[in-house]
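# Analysis of the macromolecular model
Okay, here's what each chain looks like letter by letter:
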Amino acid sequence: MKTQELIHETETYSAANYHPLPIVLAKGEGIWVWDVEGKKYMDCLSAYSALNQGHRHPKIMKTLIDQAGRVTLTSRAFHNDQMGALLKKLCLMSGMDMALPMNTGAEAVETAIKTARKWGYKVKGVPNDKAEIIVCANNFHGRTVTIVTCSTEHQYRDGFGPFTPGFKVVEFGDASELEKAITPNTVAFLVEPIQGEAGILMPPEGYLTKAREICTKNRVLFIADEIQTGLGRTGKLFAYEHEKNAKPDMLIIGKALGGGVYPVSAVVSSKEVLGVFKPGDHGSTFGGNPLGSAVARTALEVIVDEKLVENSRELGNYLLNQLRGIPSKHVQEVRGRGLFIGVEIKQSSGKARPFCERLMAEGLLAKETHDQVIRLAPPLTIKREDIDWIVERMKKILA
Ligand SMILES: *Cc1c(COP(=O)(O)O)cnc(C)c1O
């Protein structure tokens, strides 16, 4: 009853830009959430990987409350005593020189695009307003007008034009197409190391290494959008590390950087690249605020201290093997890396959503992505016995 009333209230007053599963959550702790009726579920979506550290991680909550008791927002018109330490940690962990803090993922992608263009004009010497950025088909980089310009998803663009010029689309995974698309005016290649929203699509082995090589040869910035794949999700700190010599010029980080409590994102890069910014070029009122900075630093500490990257790698392999062992006539393919796993349902078995609804009835929350794929991405704090719990439920709904 309560559930229906709350859904009715929400649907009455909310723009209908989402189609959530019919469940109303009221509490979360670790890998578990509870609905308003008191029913317990395992969270295998983790807010699209923004909850890698789990719900309300005690250390992150302590930092949030402590920092809230001191100062929360200063604006960048003044320095604060938290931002520097976060950016230093981010640079040390990623092997980069400098960072530019923002709030949401889309803002960080916008920041990366602006950075690449400015670098193109000021450093590479591209003629004014001629910069081109290459993106991949089926990408997901966010929802602003400029970013949906890059999308190949009809619905993401429909009704939102006119769009931003200066983008070219190539096939994901095809390095020779990338090479052919480059012109003297190309400033950057923007790519997700694994395409998450597209259905956990992995490029062929060696693609990122080749893309890196091609970018270096042509003086094009190689930008990795690791908003979803980063911070341990795929069993490495960053997904580009699965390949040799694939370090990007610019990393875009978000989601789990905020520890599941506060939106924090950043662009991390070299002095040469982020050095193009002068005071007044770019900014954000909330970007780099002390509350978000303190939370994000603790969110990073938790990933390192609790060995969440290693846990993701080990338990991800285990889960992948267990899922592949399930006999089912509905499964097309099980793929993924670390705890970033897609179970693709055969077209002949219908769409993935009814499978997700059955999982929900079994106490497991997962969301379909791109019609055919069940995405399993639990918090990286998950334990082996919880993985067995997932496998039991997957067995039941796939039988
Ligand atoms: C979620 C996501 C974004 C956008 O982040 P928001 O915080 O929703 O704006 C961008 N790129 C990738 C790869 C994402 O998964």
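Quick note: structure is the one above.
Just so it is clear, the structure is predicted and the values come from calculations on it, not from any experiment.

### A short note on the side chain of threonine 186
- Following the sequence through the fold, threonine 186 ends up in strand β7 (residues 186–191).
- A distance of 2.8 Å separates a polar side-chain atom of threonine 186 from the backbone nitrogen of threonine 183.
- In this structure threonine 186 touches Lys124, Glu132, Ile134, Ala181, Arg219 and Val220, once residues within four positions along its chain are discounted.

### Remarks on the sheet that holds strand β12 (residues 340–345)
- The antiparallel open sheet is built from four strands, whose spatial order is β11-β12-β15-β14. Looking along the sheet, the strands with just one partner apiece sit at the ends: β11 (331–337) and β14 (367–369). Averaged over all pairs of adjacent strands, the angle between their axes in this sheet comes to 30°, without regard to strand direction.
- Where β14 meets strand β15 (residues 373–376), three bridges bridge the pair, whose relative direction is antiparallel. Within β15, the residue paired with glutamate 368 across the bridge is isoleucine 374.

### Some thoughts on the site of the ligand
- Around the ligand, the neighbouring residues are Thr104, Gly105, Ala106, Phe140, His141, Gly142, Glu192, Asp225, Ile227, Gln228 and Lys255.
- One of the side-chain nitrogen or oxygen atoms of lysine 255 is found 2.6 Å away from an oxygen atom of the ligand.
- In isolation the ligand offers 380 Å² of accessible surface; the protein chains occlude 81% of this area.
- For the shell around the ligand, the per-class residue count stands at three nonpolar, five polar and three charged.

### A few points about the pattern of salt bridges
- Enumeration according to the criterion identifies 17 salt bridges in this entry.
- Glutamate 132 is paired through a salt bridge with lysine 168; the nearest N and O atoms lie 3.7 Å apart. Residue glutamate 132 is located in strand β5 (residues 132–136), and its partner lysine 168 is located in strand β6 (residues 167–170); the two are separated by 36 residues in the primary sequence.
- Residue classification places lysine 168 among the partly exposed residues on the basis of a relative accessible area of 29%.
- Connected through shared salt-bridge partners, Arg353, Glu357, Lys367 and Glu368 make up one network.

### Section: the pairing of β15
- Side-chain alternation along β15 places Val373 and Arg375 on one buried face and Ile374 and Leu376 on a second face that is also buried.
- Taken together, the four bridges between β12 and β15 define a ladder with antiparallel strand orientation. Across the sheet, the residue bridging to glycine 342 is arginine 375, located in β15.
- Adjacent in sequence and paired antiparallel, β14 and β15 are bridged by three residues, among which histidine 370 carries a positive phi angle near 50°.

### Details of helix α3 (residues 58–68)
- When we look at burial in α3, the residues that qualify are Ile60, Met61, Thr63 and Gln67. The buried residues of α3 occupy an angular sector of 160° when projected down its axis, which confines them to one face. In α3, those exposed residues whose orientation departs by more than 90 degrees from the buried face are Pro58, Lys62 and Ile65.
- Taken together, the buried residues of α3 touch α11 (290–305).

### Quick notes on the nonpolar core
- Counting residues in each nonpolar core, the largest one holds 80 residues, and the members touching the most others are Phe189, Ile374, Leu376 and Met394.
- Looking at which domains feed residues into this core, each of domain 1 (3–57 + 307–398) and domain 2 (59–305) gives three or more.
- Sequence-distant contacts of methionine 394, defined by excluding residues within four places in its chain, comprise Leu323, Ile326, Val343, Leu359, Ile374 and Leu376.
- Core analysis: the next-biggest nonpolar cluster, separate from the first, contains 29 residues, Ala106, Ala116, Ile147 and Ala188 among them.

### Some remarks on the packing of aromatic side chains
- Here the structure, examined in full by the defined rule, presents five aromatic pairs.
- Ring geometry for tryptophan 32 against tryptophan 389: centres 5.4 Å apart, planes inclined by 85°, an arrangement best described as edge-to-face. In this pair, tryptophan 32 is assigned in strand β2 (residues 32–35) and tryptophan 389 in helix α14 (residues 384–398), connecting sequence segments 357 residues apart.
- Note on tryptophan 32: relative accessible area 18%, which makes it buried.
- You can call tryptophan 389 partly exposed: its relative accessible area is 21%.
- Summarising the aromatic geometry, the rings of phenylalanine 140 and tyrosine 156 are spaced 6.0 Å apart at their centres and angled 80° between planes, so their arrangement reads as edge-to-face. One end of the pair, phenylalanine 140, is in the loop between β5 and α6 (145–149); the other, tyrosine 156, is in helix α7 (residues 154–157), and 16 residues separate them in sequence.
- Residue placement shows arginine 143 over the ring face of tyrosine 156; its charged tip is 4.1 Å from the ring centre.
- Above the ring of phenylalanine 163, the side-chain terminus of arginine 157 is found at 4.1 Å from the ring centroid.

About the cut-offs
Residues numbered from 1 in each chain as written. Predicted model: local features only at pLDDT ≥ 70, side-chain atom pairs only at ≥ 80, totals over all residues. Heavy atoms only, no water. Helix = DSSP H or I, 4+ residues; strand = E, 2+ residues; numbered from the N terminus. Polar contact = N/O pair within 3.5 Å; in protein donor to acceptor, adjacent residues only side chain to side chain. Contact = heavy atoms within 4.5 Å. Pairing = 2+ DSSP bridges. Axes fitted to C-alpha atoms, helices over the stretch in contact; angles between N-to-C directions. Near = heavy atom within 4 Å. Areas by Shrake-Rupley, 256 points an atom, 1.4 Å probe, with all protein chains shown as cover. Nonpolar A, V, L, I, M, F, W, Y, C, P; charged D, E, K, R; others polar. Salt bridge = Lys/Arg side-chain N within 4 Å of Asp/Glu carboxyl O. Buried < 20%, exposed > 50% of the residue type's maximum accessible area, 1.4 Å probe, protein only. Arc of directions from axis to C-beta. Core = buried A, V, L, I, M, F, W, Y, C linked by side-chain atoms within 4.5 Å. Domains from an automatic or database assignment. Phe/Tyr/Trp six-rings, centres within 6.5 Å; stacked < 30°, edge-to-face > 60°. Lys NZ or Arg CZ within 6 Å of the ring centre and 35° of its normal.

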